[in-house]
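# Understanding the architecture of this molecule
One letter stands for each residue in the lines below.
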Amino acid sequence: MARRLTDLVKLVIDTKKDIRVAADLTVGKGKDSKYILENTNVERLYGFDIQKEAENQAKGLVGDDPRFKFFLASHADIDKYIKENLDFAIYNLGYLPGGDKEITSKYESTIESLEKTLKLLNKNGMVILTIYQGHPAGKKESEELEKYLETLDQKKYEIIKIAYPTRPHNPPYIVVVEKN
Ligand SMILES: C[S@@+](CC[C@H](N)C(=O)[O-])C[C@H]1O[C@@H](n2cnc3c(N)ncnc32)[C@H](O)[C@@H]1O
């Protein structure tokens, strides 16, 4: 059994064979983007991050791939940049590893973005969120996200959680939202 959260995210991505249009809403170093480009049939992958450092690192990792369209912009503005429906979207919340820990995702913009992403999502589409509740802003983000997820119509959305309930120190966890 894979134990690392990032491996579990990959396992979930691997279940989704019909990804044509996707969005990586927190590109960071670009590892998720690279995985999606290399392991799915994606034709267009939109990427968002608010840090130039992330853009540089991700473009270095992904290379010159015409399918990857990066925007140096907040994911809260996804509706201004993406004018088509999505089959798949991914969030890896928190801060850039090795970067400025003050520049972290915030619950207000995360929830605004998720709301817009769910509207863009095709039937059978999937959103994966990795949520870090081990730092103060992340704890608040996790709590507010949980409240938001509870408001979603269960006839429209299936929600799955992958967590480590016996691990100490508020470990990160994964939420998968599927649109029926
Ligand atoms: C944990 S890192 C992502 C790691 C990335 N998935 C990878 O594979 O390397 C979180 C990223 O979210 C970005 N971020 C924070 N707030 C954001 C926002 N409002 N819109 C877009 N990106 C944001 C940060 O700049 C940071 O690079």
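Scroll up a little and you will see the structure.
This text gives an overview of the structure that appears in the document.

Take the sheet that holds strand S5 (residues 121-131) next. If you walk across this open sheet you meet the seven strands as S3-S2-S1-S4-S5-S7-S6, and the pairing is mixed. Every other strand in the sheet has two partners, leaving strand S3 (68-72) and strand S6 (157-162) as the edge strands with one partner each. Neighbouring strand axes in the sheet, compared pairwise and without regard to direction, differ in orientation by 15 degrees on average. Bridging between S5 and strand S7 (residues 173-179) involves six bridges; their strand directions are antiparallel. Residue Val127 lies in a different strand from S7, and its bridge partner there is Val177.

On to the site of the ligand, then. Neighbouring the ligand are 21 residues; Thr26, Gly28, Lys29, Lys31 and Asn92 lie closest to it. When residues of the shell around the ligand are traced back to their parent elements, those giving at least two are helix H2 (31-39) and strand S2 (44-49).

This part covers the nonpolar core. Among the nonpolar cores identified, the biggest contains 34 residues, and Ala22, Ala23, Leu25, Leu86, Ala89, Val127 and Leu129 are the most heavily contacted of them. Among the secondary structure elements, those contributing two or more residues to this core are helix H1 (5-14), strand S1 (21-24), S2, helix H3 (52-62), strand S4 (86-92), S5 and S7. Setting aside chain neighbours within four positions, we find Ala89 in contact with Ala22, Ala23, Leu25, Thr117, Leu121 and Val127.

Regular strands show a simple pattern: their side chains alternate between the two faces of the sheet. Burial of S1 is two-sided: the residues Val21 and Ala23 facing one way and the residues Ala22 and Asp24 facing the other way are all buried. Examined bridge by bridge, S1 and S2 share four bridges and lie parallel to one another. Along S2, the bridge assignment pairs Asp24 with Gly47. On the question of chirality, the crossover connecting S1 to the parallel S2 by way of H2 is right-handed. As paired elements, S1 and S4 share three bridges and run parallel to each other. What sits directly across from Ala23, in S4, is Ala89.

Calculation notes
Residues numbered from 1 in each chain as written. Predicted model: local features only at pLDDT ≥ 70, side-chain atom pairs only at ≥ 80, totals over all residues. Pairing = 2+ DSSP bridges. Helix = DSSP H or I, 4+ residues; strand = E, 2+ residues; numbered from the N terminus. Axes fitted to C-alpha atoms, helices over the stretch in contact; angles between N-to-C directions. Near = placed C-beta within 6 Å. Core = buried A, V, L, I, M, F, W, Y, C linked by C-beta atoms within 7 Å. Buried ≥ 20, exposed ≤ 12 C-beta atoms within 10 Å, placed from the backbone. Contact = placed C-beta atoms within 7 Å. Right-handed = clockwise from strand over helix to strand, strands pointing away.

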